[in-house]
Amino acid sequence: MNKKYYIIILIIFFNMMYDNQNNNNNSRSYSQFQNFVNLNPVEKNKLVLNHKKILYVSRHEGTFANFYYIAKFLGFNATSLIPQYSYGGTPNCYYKDKCRSFVKVKCSEFDYIIISDIIPDSYIFLINKCNKKIILEITNRFDWEIQTIKNYYNIFSRAIKKKKNIIVIENNPFEVYHACMKNIFIPNYYLIRPIGYPPNNILKREHKEYHDIIAIILNNIQDKNKLRVELNKLNIPFKCLPHRYGGPLILSTYKAIIFLPYQVSIMKMMENFRYGVPMIIPSEKLLRKLIKSNYTFISSEVFKIPNGVRKYVEFYNDEFRDLFIYFDNFKELPDIIQKTDFKALRKKEKEFMRNYEKKAIKMWEEVLDIQTKKESIISDKKPLCNNKIFY
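Throughout, a residue's number is its position along its own chain's written sequence, starting from 1. The predicted nature of this model means local features are confined to residues of pLDDT at least 70 and side-chain atom pairs, given and counted, to a pLDDT of 80 or more, with totals for whole chains, interfaces and linings taken over all residues. With hydrogens and water excluded, all non-hydrogen atoms of the structure serve as input to the side-chain values.

J.: Hey, could you go over the environment of Ala 65 for me, with residue numbers and the actual values?
T.: For Ala 65, the position within the fold is in helix H1 (residues 61-74). Measuring from C-alpha to C-alpha, the distance between Ala 65 and Pro 194 comes to 9.6 Å, with 129 residues separating the pair along the chain. Helix and strand assignments follow DSSP, with helices taken as H or I runs no shorter than four residues and strands as E runs no shorter than two, numbered in order from the N terminus.

Listed below in structure tokens is the structure:
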């Protein structure tokens, strides 16, 4: 009789010596990639590519946690590698042979190489020969922290145009548009958002308490000088949480959180949906008013793009509008906090994430060749922006 369940052992470890001139194999295992809980057994049809190997390159614990679950659900072995040189810098192997030997070794060991978070870390794979699939998972602008890499835009554009083994994923809709604004045309790509699982060290902590007040997170100057001040003026009870607040399970113990967007997209948004954290945010009208004062917003050029906030700032995207509570004026907050059915909103968020996870997994199946029919790839016949000249 066939077994009903199949156990996949996912080995994830970190090669810590990306920039080691001797290319040694020292590695370090991180506990957050072990003993994950509440995972359904991998289905039989997911075993077919378990022998394929993935190298996952990133510097961000959120992307590691997200891909851990992707690999877990699809039955892959994945090795994670953290570059040890500075952001936008140059690995030591570059001075030896432009990292040709390093790339040759990695492309012989792995079937897929995924570079996430700091996309300039993909540079050495773009300039050297590699016959394996290279996946660029753009989560934070493709040119973030460019410092010492010469001709990066030319090399990136040429690789996108000519190398058939390169796949581009954006985890929010602004990434490809931003590339366009930097004179890079990416015609084919996937939009795959995170599936909302935080690192396991966060999931291990139990939080059974409940606080019948709202919370705010002190991320930026506007949280301290605007949001906190306005809540005090209105005599609204609230809890101030630090920037490193402990993850979505902490937030889920509060009635809701109020926050002022500071970026086009954050992985925490999908985490909050998954664990049912109600989010109260300013309307687009109020946000546009707020940013005219002392306000930090990364990639603020979206406010100059026609319909840019709706298209490229995830908190105002039509896909998520029913999952947020918006306010046009701070004076509306007492009524919102008192009258909103937060229980119903929590349920709606969790249901959304259950459905989105299936969608995201299906797209990753296409990227990793479990599905041969590429139904989810986006193909733009012309650039998203109005630039006329491209690299």
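On we go from here.
J.: Could you give an account of the packing of H1 against helix H14 (residues 342-367), naming the residues involved and the relevant values?
T.: Axis geometry follows a simple rule: fit a line to the C-alpha atoms, using only the stretch in contact for helices, then measure angles between N-to-C directions, giving values from 0 to 180 degrees. Close contact between H1 and H14 brings their axes to 11 Å; oriented N to C, the two are set at 75°. Between H1 and H14, the interaxial angle falls into the category roughly perpendicular. Seen from H1, the contacting residues are Phe 67, Ile 70, Phe 73 and Leu 74; seen from H14, they are Glu 357, Ile 361, Trp 364 and Glu 365. A per-class count over the contact of H1 with H14 returns six nonpolar, no polar and two charged. Orientation categories follow fixed angle ranges, with anything under 35 degrees roughly parallel, anything over 145 roughly antiparallel, 65 to 115 roughly perpendicular, and all other angles oblique. Whether two residues are in contact is decided by their heavy atoms, any of which lying within 4.5 Å being enough. We call Asp, Glu, Lys and Arg charged. Ala, Val, Leu, Ile, Met, Phe, Trp, Tyr, Cys and Pro are nonpolar, and the rest, Gly among them, are polar.

J.: So what's going on with the packing of helix H10 (residues 267-274) against H14? Residues and values would help.
T.: Relative to each other, H10 and H14 sit at 115°, their axes nearing to 7 Å. With respect to each other, H10 and H14 are oriented roughly perpendicular. Counting all contacts with H10, which are made through Met 270, Asn 272, Phe 273 and Arg 274, the residues of H14 involved are Glu 349, Lys 350, Phe 352, Met 353, Tyr 356 and Glu 357. Considered class by class, the residues forming the contact of H10 with H14 number five nonpolar, one polar and four charged.

J.: Describe the pattern of salt bridges, listing the residues and the values that go with them.
T.: Side-chain pairs of opposite charge can arise where the charged atoms are in close proximity. The working definition used for a salt bridge is a side-chain nitrogen of Lys or Arg within 4 Å of a carboxyl oxygen of Asp or Glu. This structure, assessed with the given rule, holds 19 salt bridges. The salt bridge partner of Glu 175 is Arg 141, with a shortest N-O separation of 2.8 Å. Placement of the pair is Glu 175 in helix H6 (residues 174-181) and Arg 141 in the loop between strand E6 (133-138) and helix H5 (152-162), with a sequence separation of 34 residues. Only protein chains enter the accessibility calculation, which uses a 1.4 Å probe; a residue is then buried when its area is under 20% of its type maximum, exposed when over 50%, and partly exposed in between. With a relative accessible area of 1%, Glu 175 lands in the buried category. Salt bridges linked by common partners bring Lys 362, Glu 366, Lys 373 and Glu 375 together as one network.

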